[in-house]
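# Notes for the structure review
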Amino acid sequence: MIFSEDEVERYARHLVLSEVGGPGQQALKRARVLIVGAGGVGSPAALYLAAAGVGTLGLIDDDVVGLSNLQRQIAFSTAQVGRSKVEAAAERLVGLNPHVAIETFAERITAENAAARIAAFDIVLDGTDDFQTRLWVNAACVAARKPLVSGALGRWNGQIGVFAGQPCYQCLVPEIPPEAETCARVGVVGALTGVIGSMAALEVIKLITGAGEALTGRLMLYDGLAGSARTVRVAADPECPVCGG
């Protein structure tokens, strides 16, 4: 795979990194990453993955840009309020890096379409704020043997995890919490989405390039108020209906 002069200059800081270099940047260019949810987590993650040179980014979201999104969803502008999120984000990403192909799906992930959408990509990044959607995405990733990078947040706290086989996300969240909190309900500080979205993008880049140690089977918990983070292991559930047995 040959890089153009523009690409060599664009990715210069990656190319001199011993953990990335030419082979890693080529792997990024070959990669296909699906971002589920173009919101608080997906928005900054998409920007950094496009800037990093991921060859194909898929965006799936059925929502439109709202004025209240602009406090944290940095892929959008005031002029784009009312437009489809995936179309508005695609425009921004192509402007950032024309070497990246963007595939858009203006729809919601469901139990019926998750398998088909995920099958066409190498890695899935889930930044949705709906537990049922996360469980559908997880089940499809396990069935297709695709790594899942999951980012979630609320108020001042966030978490990032990587799931590849067992344990899976459902081992962590076996059932939908009856009083599940959403950003619309409890609020979220805007800058936190940048932290979690960037960390999620970093995990995707590590998985693609083989750099370092990904958070596979682990969960990083970030406390924005305390300025602290800790990492815990996710225990595999032998009775998990998705990955157990």
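Residues numbered from 1 in each chain as written. Predicted model: local features only at pLDDT ≥ 70, side-chain atom pairs only at ≥ 80, totals over all residues. Heavy atoms only, no water.

When helices and strands are tallied, the chain shows 10 helices and eight strands. Computed over the C-alpha atoms, the radius of gyration of the chain is 17 Å, within 12% of the 18 Å expected from 2.2 N^0.38 for a compact globule of 245 residues. With the principal axes as the frame, the chain shows a C-alpha extent of 55 × 40 × 40 Å. Within the chain, the proportion of its 245 residues that are buried is 47%. With an accessible surface of roughly 11,300 Å², the chain has 53% of that area assigned to carbon and sulfur atoms. Taken as two groups, the 20 positive and 25 negative side-chain charges of the chain have centres that lie 3 Å from each other. (Helix = DSSP H or I, 4+ residues; strand = E, 2+ residues; numbered from the N terminus. Rg over C-alpha atoms; globule rule 2.2 N^0.38 Å. Buried < 20%, exposed > 50% of the residue type's maximum accessible area, 1.4 Å probe, protein only. Areas by Shrake-Rupley, 256 points an atom, 1.4 Å probe, with all protein chains shown as cover. Lys, Arg positive; Asp, Glu negative; His and termini not counted. Charge placed at Lys NZ, Arg CZ, Asp CG, Glu CD.)

Taking the numbering used here, the UniProt-annotated feature "domain: THIF-type NAD/FAD binding fold" (unreviewed entry) corresponds to residues 11-242. In this annotation, residues 11-242 is assigned 37% helix and 19% strand; the end-to-end C-alpha distance for the span is 39 Å. (UniProt positions renumbered as here; feature names shortened; annotations may be inferred.)

Within strand β2 (residues 56-60), five of the five residues are buried, which leaves the element mostly enclosed by the surrounding structure. A two-sided burial pattern is seen for β2, the buried positions comprising T56, G58 and I60 on one face and L57 and L59 on the other. Relative to β2, strand β1 (residues 32-36) is paired through five bridges, and the arrangement is parallel. The residue of β2 that forms the bridge with L34 is G58. (Pairing = 2+ DSSP bridges.)

Before going further, it helps to examine the sheet that holds strand β3 (residues 101-105). Across the sheet, which stays open at both edges, the eight strands sit in the order β3-β2-β1-β4-β5-β6-β7-β8 with mixed pairing between neighbours. At either end of the open sheet lies a strand with only one pairing partner, and these are β3 and β8 (228-233). Direction aside, the axes of adjacent strands within the sheet are offset by 15° on average. For strand β7 (residues 218-223) and β8, the ladder comprises six bridges, and the chain directions are antiparallel. If you follow L219 over to β8, its bridge partner there is V232. (Axes fitted to C-alpha atoms, helices over the stretch in contact; angles between N-to-C directions.)

Counted according to the given criterion, the structure contains two cavities of 30 Å³ or more. Within this model, the largest cavity holds a volume of roughly 40 Å³. A38, G42, S43, A46, L59, A75, F76, A89 and L93 are the residues that line the largest cavity. Looking at the lining of the largest cavity element by element, the count peaks at three residues for helix α4 (residues 42-52). (1 Å grid on protein atoms, 1.4 Å probe; cavity = no way out; pocket = protein on both sides within 12 Å on 5 of 7 lines; lining within 4 Å. Points joined across faces, edges and corners; volume = space filled by probe spheres on them.)

Below, the discussion takes up the packing of aromatic side chains. Scanning all chains against the criterion turns up three aromatic pairs. An angle of 70° between the planes, with centres 6.3 Å apart, marks the rings of F3 and Y11 as edge-to-face. Each member of the pair, F3 as well as Y11, carries the same accessibility label: buried. Considering the side-chain rings of F105 and F121, the 6.5 Å spacing of their centres and the 85° angle between planes classify their relative orientation as edge-to-face. One end of the pair, F105, is in strand β3; the other, F121, is in the loop between α6 (114-119) and β4 (123-126), and 16 residues separate them in sequence. Overall, the relative accessible area of 15% leaves F105 in the buried class. F121 gets classed as buried once you look at its relative accessible area, which sits at 1%. If you follow R32 out to its NZ or CZ, it ends over the ring of F121, 4.6 Å from the centre. Sitting over the face of the ring of F131, R134 holds its NZ or CZ atom 4.7 Å from the ring centroid. (Phe/Tyr/Trp six-rings, centres within 6.5 Å; stacked < 30°, edge-to-face > 60°. Lys NZ or Arg CZ within 6 Å of the ring centre and 35° of its normal.)

As for its placement among the helices and strands, T110 is situated in the loop between β3 and α6. Taking the relative accessible area as the measure of exposure, T110 reaches 23% and is therefore partly exposed. Residues T110 and W136 lie 26 residues apart in sequence; the distance between their C-alpha atoms is 6.7 Å.

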